[in-house]
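Here's the letter readout for the chains.
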Amino acid sequence: MGIGRYLGSLARVSAVAALVVGAVAAPAVSAAAAPAAADGSGSAAAGVWRKAVISGPFTIRDDEGWAAGTYCRGEVHAENWTNGTVGPNEWWRTYCGGEIRVELHAYASVVDAAGTLEFGLDAFFFEGTNDRTTDLDDEVTGVRVRVPAGQSVPYTVYLKNGENGGKDWATLDLTFSNTA
């Protein structure tokens, strides 16, 4: 085995060890061998592929300017396959009334050999003279949700514009799902 390939293997094992040791009490991982997964595949947490899904209905109200009284409704649906960490990056975005933009920036990380996912989410509410505005009016940051393999966890995000008495707002009734 060449030195470059050996160092690459060592780096992958070290990354797996950091995930496993940080998430659960587990045997130490050496460069010689990674711990076997519960399914007997010989893979550690980084070898477990999971589909991370964020979904659910949303409602946005634009009650300012020419679009006053506009309600926008729809479905959030964002998914990524991961066997390590995906993100943080923008997973989903929508617009309402020509003045509002709502974004979800998320990550999903496999945290153990059983396939548990940790979702991280930051939600942003922009409102201005058009939907390309950089005027950030509200945010929910630092959301962390752990979801065992094959399960789902609900979580509601509420965002509002404080500049006009909270008449512009968004509610996202999200479900974090960990599917095969």
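1. Here's the deal with the packing of aromatic side chains
Per the stated rule, a full pass over the model turns up 6 aromatic pairs. Measuring from centroid to centroid gives 5.0 Å for Phe119 and Phe176, while their planes differ by 50 degrees, and the two rings are tilted. Highlighted residues: Phe119 in strand S5 (residues 117-127) and Phe176 in strand S8 (residues 169-179), separated in sequence by 57 residues. As far as the burial class goes, Phe119 and Phe176 line up, both buried.

2. Re the pattern of salt bridges
Applying the stated criterion across every chain yields a total of 7 salt bridges. For the salt bridge of Lys51 with Glu79, the shortest nitrogen-to-oxygen distance reads 3.6 Å. Placement of the pair is Lys51 in strand S1 (residues 50-62) and Glu79 in strand S2 (residues 70-82), with a sequence separation of 28 residues. Taking relative accessible area as the criterion, Glu79 reaches 37% and is therefore assigned partly exposed. The shortest N-O distance in the salt bridge between Asp63 and Arg61 comes to 3.1 Å. Members of the salt-bridge network, linked through shared partners, are Glu90, Arg93, Arg101 and Glu103.

3. Let's talk about the sheet that holds strand S6 (residues 136-147)
In space, the 4 strands of this open sheet follow the order S3-S4-S5-S6, with antiparallel pairing throughout. Across the chains shown, the open sheet's two edge strands, defined by having one partner strand only, are strand S3 (85-96) and S6. Shown here is a sheet whose adjacent strand axes are inclined to one another by a mean of 15 degrees, direction ignored. With 9 bridges connecting them, S3 and strand S4 (residues 100-110) associate as antiparallel partners. If you follow Thr85 over to S4, its bridge partner there is Ser109.

4. Concerning unusual backbone geometry
Backbone torsion omega between Gly87 and Pro88 reads 5 degrees, so that peptide bond is classified as cis. Relative to the helices and strands, Pro88 resides in strand S3.

5. Topic: the nonpolar core
With 32 residues, the main nonpolar core has Ile54, Val102, Leu104, Leu121 and Leu172 as its most contacted residues. Listing elements by their share of this core, those giving two or more residues are S1, S2, S3, S4, S5, S6, strand S7 (152-160) and S8. Examining the composition of this core, we find that 6 residues originate from one element, S4, more than from any other. Excluding anything up to four places from it in sequence, Leu104 contacts Ile54, Val76, Asn89, Glu90, Trp91, Trp92, Leu121, Asp122, Ala123, Leu172 and Leu174.

Rules used throughout
- Residues numbered from 1 in each chain as written.
- Predicted model: local features only at pLDDT ≥ 70, side-chain atom pairs only at ≥ 80, totals over all residues.
- Heavy atoms only, no water.
- Phe/Tyr/Trp six-rings, centres within 6.5 Å; stacked < 30°, edge-to-face > 60°.
- Helix = DSSP H or I, 4+ residues; strand = E, 2+ residues; numbered from the N terminus.
- Buried < 20%, exposed > 50% of the residue type's maximum accessible area, 1.4 Å probe, protein only.
- Salt bridge = Lys/Arg side-chain N within 4 Å of Asp/Glu carboxyl O.
- Pairing = 2+ DSSP bridges.
- Axes fitted to C-alpha atoms, helices over the stretch in contact; angles between N-to-C directions.
- Core = buried A, V, L, I, M, F, W, Y, C linked by side-chain atoms within 4.5 Å.
- Contact = heavy atoms within 4.5 Å.

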